[in-house]
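Commentary on secondary and tertiary structure
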Amino acid sequence: MPKPKRPVPPRRWMGGRRRSLPVGGLGLAAAAYVGVDYLRRLSPEWHARLQPALWAALALATAVRAPFYRRWDAELRAAPRFLAALVFMLAALLCEAISVRFVSAVLGLQWHRSTAPLPDTGQWVLLALNEMLPQSVVDLLRAHIITLHHYLMLFIMLGFSALFGCIKSPGLGIASRYMFTMAIGRLLRAVTFLGTILPSARPWCAEARYQIPDHPHPWAQKYYVPYASDPDVIRKVIREDMPYAAVQDYPGEYIPEWGQMSFLIDILRPSAEEGPSWYHLLKKSSGGCSDLMYSGHMFVAVLTAMAWTEAYGGWFSVVIWFLVLHSAQREIRERHHYSVDCIVAIYVGILLWRMTGFLWSTNETNRARKLAKFDEVQKKLFRAAKDSDIIEVRSLLNEVEVAGQEKKGFSQCIIFTFAAAIIVFTLLFVLLAFSLTNDG
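An account of the accompanying structure is given in this report.

Thresholds, definitions, all that
- Residues numbered from 1 in each chain as written.
- Predicted model: local features only at pLDDT ≥ 70, side-chain atom pairs only at ≥ 80, totals over all residues.
- Heavy atoms only, no water.
- Core = buried A, V, L, I, M, F, W, Y, C linked by side-chain atoms within 4.5 Å.
- Buried < 20%, exposed > 50% of the residue type's maximum accessible area, 1.4 Å probe, protein only.
- Helix = DSSP H or I, 4+ residues; strand = E, 2+ residues; numbered from the N terminus.
- Contact = heavy atoms within 4.5 Å.
- Patch = residues over 30% accessible without salt bridge, like charges linked within 9 Å, V, L, I, M, F, W, Y side chains within 5 Å.
- Areas by Shrake-Rupley, 256 points an atom, 1.4 Å probe, with all protein chains shown as cover.
- Salt bridge = Lys/Arg side-chain N within 4 Å of Asp/Glu carboxyl O.
- Lys, Arg positive; Asp, Glu negative; His and termini not counted.
- Axes fitted to C-alpha atoms, helices over the stretch in contact; angles between N-to-C directions.
- Parallel < 35°, antiparallel > 145°, perpendicular 65-115°, else oblique.
- Left-handed = near helix turned anticlockwise from the far one by under 90°.
- Nonpolar A, V, L, I, M, F, W, Y, C, P; charged D, E, K, R; others polar.

**Focus: the nonpolar core**
Counting residues in each nonpolar core, the largest one holds 68 residues, and the members touching the most others are Leu154, Leu158, Ile167, Ile174, Trp308 and Val324. For this core, the secondary-structure elements that each account for two or more residues are helix H1 (25-42), helix H3 (72-105), helix H7 (148-160), helix H8 (171-195), helix H14 (296-311), helix H15 (314-333), helix H16 (339-355) and helix H19 (412-436). For this core, the leading source of residues is H14, giving 11 residues. Beyond its immediate stretch of four places on either side in the chain, Leu158 contacts Leu26, Ile167, Ile174, Ala307, Trp308, Ala311 and Tyr312. With 10 residues, the next largest nonpolar core counts Val100, Val103, Phe193 and Leu292 among its residues.

**Looking at a nonpolar patch on the surface**
On the surface, a nonpolar cluster with roughly 280 Å² of combined accessible area is contributed by Leu28, Trp315 and Val319. Of note, Leu28 is situated in helix H1.

**Side note on the side chain of Arg333**
Summarising the element assignment, Arg333 is placed in helix H15. Here Arg333 occupies a buried position and makes no salt bridge, while the nearest side chain of opposite charge, Glu334, is found at 6.9 Å. Aside from chain neighbours lying at most four places away, what touches Arg333 is Leu126, Asn130, Leu141 and Arg142.

**A word on the packing of H7 against H14**
As a packed pair, H7 and H14 sit with axes 9 Å apart at the nearest point and diverge in direction by 25 degrees. Between H7 and H14, the crossing angle belongs to the class labelled roughly parallel. Remark: the crossing between H7 and H14 carries left-handed chirality. Residues Leu148, Tyr151, Leu152, Leu154, Phe155 and Leu158 of H7 form the contact with H14, whose own contacting residues are His297, Val300, Ala301, Thr304, Ala307, Trp308 and Ala311. Residue composition of the contact of H7 with H14, grouped by class: 11 nonpolar, two polar and no charged.

**Digging into the environment of Leu127**
As for its position among the elements, Leu127 is in helix H5 (residues 121-132). Separated by 206 residues in the primary sequence, Leu127 and Arg333 have C-alpha atoms spaced 8.1 Å apart.

**Here we look at the packing of H14 against H15**
For the pair H14 and H15, the least separation of the axes is 9 Å and the interaxial angle reads 170 degrees. In this view, H14 runs roughly antiparallel relative to H15, as classed from their interaxial angle. Between H14 and H15, the contacting residues are His297, Met298, Ala301, Val302, Ala305, Met306, Trp308 and Thr309 on the first element and Phe316, Ser317, Ile320, Trp321, Val324, Ser327, Ala328 and Glu331 on the second. For the contact of H14 with H15, the residue count by class is 11 nonpolar, four polar and one charged.

Spelled out as structure tokens, the structure:
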């Protein structure tokens, strides 16, 4: 007699293995988005036709699928964590914007004009490759295939794909992890570039973007300028470890009326030509005009690639990593950053994403809770079995089973209201973010 087949245990969830859409469907949708958007450079006419159609198709697919999504209760439970991560990220971005303005303005325009960029061997290598490679390859390396807002949109598509079963739910869970990691990375970045002010790889940047004074800030007048170049003076200040040089005469600082925000005047260093609003100064800070260690654009790109790799996998995750490398060489080629900024952004992004798995992970949390509860009651279970206390054994095993179950769900009315609210909120937030941060 043939041997009976052994039952196959159910597969654990693994990123990119269980998908309700046809295999690669999410990757094709993402590739279509990037490709159609790139048409703005190749054929603006076709871009104007196809992009609205693609946006409408994606929005329609989301709206049609949303009523049949069975995990809205999990999304609702993840909502407080999502909102907390959103607030934390916005606060971190505000701190970063203040820091960017400070390092760009503190030394004055004259320093930006006169300080040469740092030697960057990565730039040398790319220039050498331009001489050796075929022109078609060089043109491909120079092409603006993907930019910051593409990486943000790719992650948003990944989060919404939970509706279609492409990634493990809740989608708000991976969004919380993404924003929390983004906030931590932005704060670490601000601390890093505040520590040492590096000259921009584009010396004309500050004069073209800002209207800051030519002379340095009073802090720099006292603690930097007298000890910036003369070796004997530097030796003396090292030996005495106290500021001793006389401060030169400089024009006074402009002091606007900012009311309760007056504490920002010394940090943002406003000028009369830039207007009376402190918010306007922060909005104009954009990418700054000193080198910001590490690259914020590359950090976003790496987080998006890490999220795709863990949550979805597949061929498009590999494509995203190639696009990350393409973006890195283009940041260096166009001198938005030095090579070291891009290298540090890559490994910081990878390490930070690995450290925030407690917010969302592809591992089965139900099974993990069961195992944790079993470890907790293991000694009691052995003792009850030894004493032949069947009632106690059943009670302990029931505790283990209950520990792995989802919490009690919410009413259908609450779930549908939340579903509509979160979709509308997310779409509006995305449009607002793209419109307010179109300069990166």
